Amino acid sequence: MTRPFKRRDFLFMGSALAGSLLLKSCGGEPSTTEASPGASPAATGDGIKVGILHSLSGTMAISEKSVVDAENLAIEEINAAGGVLGKQIVAITEDGNSDWPTFNEKAKKLIDQDKVVTVFGCWTSASRKAVLETFETKNHMLWYPVQYEGQECSKNVFYTGAAPNQQIEPSVDWLLEKYAGKPFFLVGSDYVFPRTANTIIKAQLAAKGGKVVGEDYIPLGNTEVTAIISKIKSAMPDGGVIYNSLNGDSNVAFFKQLQGAGLGPDKYPSMSVSIAEEEVKAIGVEYLKGHFAAWNYFQTVTTPASTKFVEAFKKKYGADRVVNDPMESAYIAVYIWKQAVEKAGTADDLEKVRMAALGQTFEAPQGLVTMENSHHLSKFVRIGEVGDDALFKIVFETKEAVKPLPWNQFVPETKGFSCDWSDPAKGGKFKAT
Amino acid sequence: MSGLLDGLFNGISIGAVLLLAALGLAIVFGLMGVINMAHGELIMLGAYTTFVVQNIFKPLGAPWSDFYIFFALVAAFIVAALVGVLLERTVVRYLYGRPLETLLATWGVSLILQQFIRSVSPQFVVGVGLFCALYFGAIAIISRRPDFERIRNWAIAIMVPISVAIALTASNVLGQSFKLGFTRPWFGTQGVDVTAPKWLRGGLAIGDSQLPYTRLFIIALTIVCLLGIYWFLNKTNWGLRIRSVTQNRTMSACLGIPTQKVDAITFAIGSGLAGIAGCAVALLGSVSSNTGQAYIVDTFMVVVIGGVGKLIGSIMAAGAIGILSYVIGSNAIGPLFDSMPFVKSIFEFFATASMAKVVVFALIVVFLQFRPAGLFPQKGRTVEA
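Residues numbered from 1 in each chain as written. Chains lettered and ligands numbered in written order. Predicted model: local features only at pLDDT ≥ 70, side-chain atom pairs only at ≥ 80, totals over all residues. Heavy atoms only, no water.

> Which parts of the structure should I look at to understand the pattern of salt bridges?
Pairs can form between side chains of opposite charge whenever their charged atoms are close. All names here are of chain A. Following the criterion strictly, the structure yields 28 salt bridges over all chains and no others. In this structure, Asp173 and Lys208 form a salt bridge, with 2.7 Å as the shortest nitrogen-oxygen distance. Here Asp173 is found in helix 6 (residues 168–178), whereas its partner Lys208 is found in helix 7 (residues 192–208), with 35 residues between them in sequence. The exposure class of Lys208 is partly exposed, given its relative accessible area of 40%. Taken together, the shared-partner salt bridges in this structure form one network comprising Glu94, Lys106, Lys109 and Asp114. (Salt bridge = Lys/Arg side-chain N within 4 Å of Asp/Glu carboxyl O. Helix = DSSP H or I, 4+ residues; strand = E, 2+ residues; numbered from the N terminus. Buried < 20%, exposed > 50% of the residue type's maximum accessible area, 1.4 Å probe, protein only.)

> I tried to follow the interface of chain A and chain B on my own but got confused; where do I start?
Note: interface size is frequently given as the accessible area lost on complex formation between the parts. Between chain A and chain B, the contact holds 57 residues from the first and 57 residues from the second. Interface area, chain A with chain B, both sides summed: about 4600 Å², of which 55% is carbon and sulfur. Taken together, the links from chain A to chain B amount to 12 residue pairs in polar contact (both at pLDDT 80 or more). Taken together, the elements giving at least two residues each to the side of chain A that touches chain B come down to helix 1 (7–26), helix 3 (61–80), strand 7 (211–218), helix 8 (226–235), helix 9 (249–260), helix 10 (277–283), helix 11 (285–288) and helix 12 (304–317) of chain A. Counting residues per element, the side of chain A that touches chain B draws most heavily on helix 1 of chain A, at 11 residues. For the side of chain A that touches chain B, the class distribution of residues is 21 nonpolar, 17 polar and 19 charged. (Contact = heavy atoms within 4.5 Å. Buried area = accessible area lost by both parts, 1.4 Å probe. Polar contact = N/O pair within 3.5 Å; in protein donor to acceptor, adjacent residues only side chain to side chain. Nonpolar A, V, L, I, M, F, W, Y, C, P; charged D, E, K, R; others polar.)

> How do you make sense of the pairing of strand 8 (residues 241–245) of chain A when you look at a structure like this?
All names here are of chain A. Counting buried residues along strand 8, 5 of its 5 residues qualify, which places the element largely inside the surrounding structure. Here strand 8 shows no split at all, with Val241, Tyr243 and Ser245 on one side and Ile242 and Asn244 on the other all buried. Relative to strand 8, strand 6 (residues 183–189) is paired through 5 bridges, and the arrangement is parallel. Along strand 8, the bridge assignment pairs Leu186 with Tyr243. Bridge analysis of strand 8 against strand 9 (residues 270–272) gives 3 bridges, and the strand direction is parallel. (Pairing = 2+ DSSP bridges.)

> Looking at this structure, I do not really get the state of the cysteines. What am I missing?
By definition, a disulfide links the sulfur atoms of two cysteine residues through a covalent bond. Under the criterion given, the structure shown has 1 disulfide over all chains. There is no disulfide at Cys225 of chain B, and the cysteine sulfur nearest it, in Cys279 of chain B, is 10 Å away. (Disulfide = S-S within 2.5 Å.)

So, in structure tokens, the structure goes:
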């Protein structure tokens, strides 16, 4: 059945078209041209193109958008200081839409069509795994800024977030010492990071005499946690430690209802690995006060670089914004890449840049970090307690940067393995002697 | 005994959240037969309204900030109901009797609402507002001309680009001159925090277990809403009209019932209830642009299991699903089989939040094999309508 094209259709489609145009332009998303305001049109013409690949829509947009902000801040700072090799950096931002195949498509687009020299991107391990093959077959370069479960060491990825031994393991050690003799309950979202993290924690606790009395997983985005809370209560009637690797919205429900059920941090202290300053704001400080989180960087770190970073960020994005660990890692990634390009003298020869990146040091907000031969950063480990101001009071920090161990030494399958990309003979996974 | 009581309470409290979230849908989908995929986003709007009301009351100090929740409930109802009416008048009413198109259209609306919450900023409001004012204003003026019918298409073709251009330029110029204060989104992609007032934060200690006040509050709220709906549908004139339109639209229209008005009111009430549900879930969970997505499947599940068109069915279904998912998820049955380690280990295997969800859905699939029309199927002439 065909219909003539009616006026109403025309009106409807016309306004729909106009509306979508408006939505797109007023959406406030960082568009390609906004990314490098320092660049004059002439310089843009022969600038150095880099890709930014994060979710600006969908579930993960909540976290990833602020990482894009941090990356744009670093690029803007570098451009204002004269750029790289005398050229301005031009950022091409793509939206991964919280959908892993989309991440892969957009990665291909950035590499093949836009001809970027490197990509800063991804948050979830699932999105990283989705683009990994593309970066490996095209022998390209990805900078991944988030703490993750380890057990991976690709030649084509630089991991500027923490490996498990730079976040999870020290925090478990700290808990074992502070709450000696208390049982542990592990709660996580149901996907690869929490499950791997909990495998590591269980192996570590077994080796060090800790006791796990329960383990539970919530589907991503689920907010019904009543059953888990009563299990925690019945498994640990006299109190104990909750190790929390929940991600996203479930955290809000978990802490709100934990307090409602009367499980306070005095008897049931919790250690979280996915709650940073932004999440504290979204959950509400009333529910989180006294709980702990483990990261490499908190906004309350007082190094000069940190003060500068926080000030610059607030100046650009508003005084009520906060910075967090993944944002700092993303900020570091841009600077280490810039240093590597300068050392290599080229941005286009990726192998030269990659080799130049190894051993680069950077006075980061968290302290002096080094890009190790394993493509991971050596980082400082910190534990913070949520205070009244919705920021973290740092209750523990390592004196020196902790070297990364991508292959976990507590898990039998990877025990004894390590990674060294400075030597092609060794590569991503070899048995250390 | 206390374990049983605990289980019953927790099951009912899960059920109460489900029911409250599904109540609006039970009316919109159950009575009107409209598959409203944007129901979750109406819940989300309710939650955001709660956030806004909370922030308005916060600076007012003690007595006000403690009771903001009651104002938030009213505001959430009104906001969601208004959006619901807008949705019904502009989209749904053209699609009555075409469930597939309704499904797609309302799903589109749900995406629009999500993105709206993420990107609404002063710049956005000025841009869209200006466009609407210019375009619809111009069309209204031109439509007074006697030869409007003839030049209509031309007018539209000219006015759309002009309005877009003016709105874009204005919002961009304003954005560049006022910078961050003007372009920054109000809510943003990051979730916002809704904090329950102090008197709702603790819990009622009974023995060694504690019943959270928020849960008690939600159970009470659900009961109040149910009674309100029952009263409205059965004791008021508009309720009578809604029921008659549900049963036989043509006959009601013949008898002089303004069916269009009835549709709008029914939709508004269903949407308003979603707003109230949003206010309630904001006390328990997160408030972000995805909030609605977490509830949409569960709410449809409740309505379908209960039997479309029967409020009592939704009540029973919500209660049953709540108790079932609690009993499975918290491993309440396992310990009863201490003497049989094999059976006990089976129950333990299913006793995680993810597995409990799988089991509940599996049971629902089995249930629908035997009772495809739900717990309380519609009977009589309305079935085929």
